[in-house]
Amino acid sequence: MEPMPPAWSRAEPDLLAQLSSSATGLSAAEAVRRLARDGPNELKPAPRTAVLHTLAAQFKSPLVLILVFAAGVSVLTRDWLDALIVLTIIAASALLSFTQEYRAGRAVERLLARITLRATVLRDGARISVPAREIVRGDILLLSAGSLIPADGRVLAASDFFVNQAVLTGETFPVEKHPGIVTDGATLAARTNFVFTGTNVRSGTAQVLVTATGSATEYGRIAASLALRAPETEFERGIRHFGNLLTQVMTLLVLAIFAANVAYQRPWNESLLFAVALAVGLAPELLPAIISITLARGAQRMARAGVIVRRLAAIENFGSMDVLATDKTGTLTLGVIRLDGALDADGNPSEGVLELAWLNARLQTGLANPLDEAIVATGVRDVSRWTKTEEIPYDFVRKRMTVAVRAAQAADDLLITKGALEPTLEICSRLRRGGATCALDAAVRAELIRRAEAWADQGFRVLAVASREMPERTAYTVADETDLVFEGFLLFFDPPKPDAADAIEDLKRLGVELKIITGDSHRVAQHVAAAVDLPADAVVTGAQMDRLHDEALWQLAERTTIFAEVDPNQKERIITALRRTGHVVGYLGDGINDAPALHAADVGVSVDTAVDVAKETADFVLLEHSLTVLRQGIEEGRSVFANTLKYVYTTTSANFGNMLSMAGLSLLLPFLPLLPKQILLNNFLSDVPAMAIAGDRVDDKLVARPRRWRVAHIRNFMLAFGLISSLFDVLTFFVLLVVLRSAEEEFRTAWFVESLLTELAILLVVRTHRPLIRSRPSRALLGSTVGVAVLAFALPYLPLLAPMFGFVALPPLLLATLIAITLAYVVVNETAKRAFQRQFGF
């Protein structure tokens, strides 16, 4: 039996028959049956925070595996108690991280469920909107400009249908798709009758028969063969470099300590466990969990502020953002556009111009837009005498769209074009004045442009309306848009938001500069900018950009507030220029023409009402089109950043200093300064309050300006505060060994207590740039810190646990000495913190 030809090379009736479908689509019942049989339309099952998966992930860390290995060594040497203690601490640490991560993960899933991609299909012959994951083979998809294509399919009907499929083929420009048959061996780029998952519609409309869904699509097959991963953010890159630095230090130190202890002829198993325990004490093993929990909780708080996070890792970039580029509509203006006037060529109200514009807006089926909605909203008109025969959809090159209509009993069609003024004037040769037409010469053209510019200076957006009678035909193309009659103007007004100026001032105080990037007239953009107290004199137009080399644009972009009359590719170029000059750039957009800029920005922000491709490209989705909501999101992003750094600072100060001191002292003492099980218990107990960092309060100063990951700053912090920690360790050693002449077990117990107290103290010190007593931590952080401190003092006196961990009761004088050393440690670190802030910032 010969293999069946591929879907793109088969006749449409055969393909419909094979899929048991028709031009009116599937029945609702059949769609449900196919969904149950074939599964949802997803490249892979939607990620769920499964209990067992999350729990198992806690044991994948190399540090945990090292500890398991160490426990195995204890078993081999029949040191059952040490093995049990190590395994218990492993289980307790894993359970602590699991509980927090699982709760946070489920919360994020609930948030993401609020923004699902939907698609329009024919079911039982009617247009309905369904979640994209419920699309099945045999569905008839209805696509228009802005649609993100959710499945592979064969084009059955199309009108000026252009698709951006660079994600699959690398083609720079959109490709026209149309019905027909192509050869069996056609490449992806050559399949002009086929659309693919993950691509998007640039212009036009189409009906598509779905032939493949989920992992069976071309995109799905590619995704299955690649480890697809989102680009690494600046913060992720910084965390990775920081982790690599500590891992290198840890590896060298542990190997050296293990070799030295073996050289001193100490038991190899004890030396190995001690070295492993030092590794765990040095390493930021909770950092991944702290980041996950902090980001998830931040996403929850941002959702309460009206910002849905689609990509958690981008939250820190949100906080680091120092430039926000946005269109003016809906952001600086109310976004409630109204038609203020339909005027003839002389500027007089004209019912004829309004009727032509209404027919064009009411009958077009391409890209939905607020301008057409404003025209249609002027009132219901009788369209029964008109029949729509064809449509030439809007695109961002022509900046106009045309419908062809035919009146009852008429022999000719009437083309009605509506679009930007100058592109529409380019296709007009005559002008309607009164009841007659006259030539549209250069002088008249200049007069019309001057009139429109005067309206634009008042804040009106101006469109043109033109028409032409043509002999009846079955199809029209862009080439038919010629020799039209200029009919008149449409004036739209979108007033500035009352709170826009205040919101811009708030962003400025946060160190975020606002820039307007719009396809609208530079005069309208300047009027809006002036109304919201933005500098209106620094303007660059798309035409001017075309004459600039990239290097010149890099310099100009920083000094420019308004970019007007730009196309989608120019928007992307502006964003790239700003990033090249060292800025962290956010872009707020909701249209298909915003998708390239959203993808190019460090932070892509869209709104819940945006077109599919904009929402899918964005990192964040606003539930309200508001700069105030955006400001709250920025502040939350900075809080997440600040809380993550608190753990980093704690790890690089007390932990590093304590472990370094312990490693050095182990070479000088005839016994190990702390037993491996004591080091692990110390590390576990200090991790308990660290888990509460995610919900800690953040000082206003830490969210007042953009903050970025600075590896050199953290290195300086580690050296300065790690050295202080080591100096106090030396002081403690001196007091215990020389002054008090403590015995081996008393020394270990005392140092365990002091080491734990200093780790708790440094967390409270470095969590704020203010003096410790003037910045109140969260209840969870304060409560867990106090609880662990009490436990540290109580452990040597607990009859069951003290012998198990090798602790002995400490005399009151020694306890008082440890408290005095800890208080002195806090005072010195507070002083060092102020000095460090003056020298390096915080």
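Shown above is the structure to which this text applies.
The text that follows walks through the structure, step by step, so that each part is easy to find.

About the cut-offs
Residues numbered from 1 in each chain as written. Predicted model: local features only at pLDDT ≥ 70, side-chain atom pairs only at ≥ 80, totals over all residues. Heavy atoms only, no water. Helix = DSSP H or I, 4+ residues; strand = E, 2+ residues; numbered from the N terminus. Contact = heavy atoms within 4.5 Å. Buried < 20%, exposed > 50% of the residue type's maximum accessible area, 1.4 Å probe, protein only. Core = buried A, V, L, I, M, F, W, Y, C linked by side-chain atoms within 4.5 Å. Expected span 1.5 Å × (residues − 1). Arc of directions from axis to C-beta. Patch = residues over 30% accessible without salt bridge, like charges linked within 9 Å, V, L, I, M, F, W, Y side chains within 5 Å. Areas by Shrake-Rupley, 256 points an atom, 1.4 Å probe, with all protein chains shown as cover. Salt bridge = Lys/Arg side-chain N within 4 Å of Asp/Glu carboxyl O. Phe/Tyr/Trp six-rings, centres within 6.5 Å; stacked < 30°, edge-to-face > 60°.

Before going further, it helps to examine the environment of G511. Take G511: it is sitting in the loop between α16 (500-509) and β18 (513-517). As for G511 and P706, which are separated by 195 residues in sequence, their C-alpha atoms are 6.3 Å apart. Apart from residues lying up to four places away in sequence, G511 is in contact with D322, A704, R705 and P706.

We now examine the environment of D499. Considering the arrangement of structural elements, one finds D499 in the loop between β17 (484-493) and α16. Overall, D499 belongs to the partly exposed group, its relative accessible area being 36%. Sequence separation between D499 and L332 is 167 residues; the distance between their C-alpha atoms is 8.7 Å.

Attention now moves to the nonpolar core. Of all hydrophobic cores here, the largest spans 61 residues; its most connected members are F318, L324, L332, I575, F620 and L627. Broken down by element, this core gets its largest block of residues, five residues, from helix α23 (residues 627-666). When near neighbours in sequence (up to four residues on either side) are disregarded, I575 contacts A325, I517, V585, Y587, A597, A600 and A601. Counting residues in each nonpolar core, the second largest holds 30 residues, with L674, V753, F805 and L810 among its members.

Under the 1.5 Å per step criterion, the end-to-end length of helix α28 (residues 779-794) is 22 Å for 16 residues, consistent within 8% with the ideal 22 Å. Among the residues of α28, L781, S784, T785, V788, A789 and A792 are the ones counted as buried. Buried residues along α28 cover an arc of 135 degrees about the axis, so they all sit on one side. Among the exposed residues of α28, those oriented more than 90 degrees off its buried face are R779 and V790. Where α28 is buried, its residues meet α24 (676-690) and α27 (744-766).

Side chains of F734, V738 and V739 sit close together on the surface and give an oily, nonpolar patch of about 280 Å² of accessible area. On the basis of relative accessible area, F734 is assigned to the partly exposed category, the value being 45%.

This part is about the packing of aromatic side chains. Remark: the centre distance and the inter-plane angle together describe each pair of aromatic rings, the angle taken between the planes. Tallied over the entire structure, the rule returns 16 aromatic pairs. For the pair F733 and W751, a centre-to-centre distance of 4.4 Å together with 85 degrees between the ring planes defines the contact as edge-to-face. Here F733, found in helix α26 (residues 711-739), pairs with W751, found in helix α27; they are 18 residues apart in sequence, far enough to count as distant. Summarising the burial analysis for this pair, F733 and W751 share the class buried. Measuring from centroid to centroid gives 4.7 Å for F752 and F807, while their planes differ by 45 degrees, and the two rings are tilted. On the criterion of sequence distance, the pair formed by F752 in helix α27 and F807 in the loop between α29 (801-805) and α30 (812-840) is long-range, its members being 55 residues apart.

Everything listed is a geometric property; what it means functionally is a separate question.
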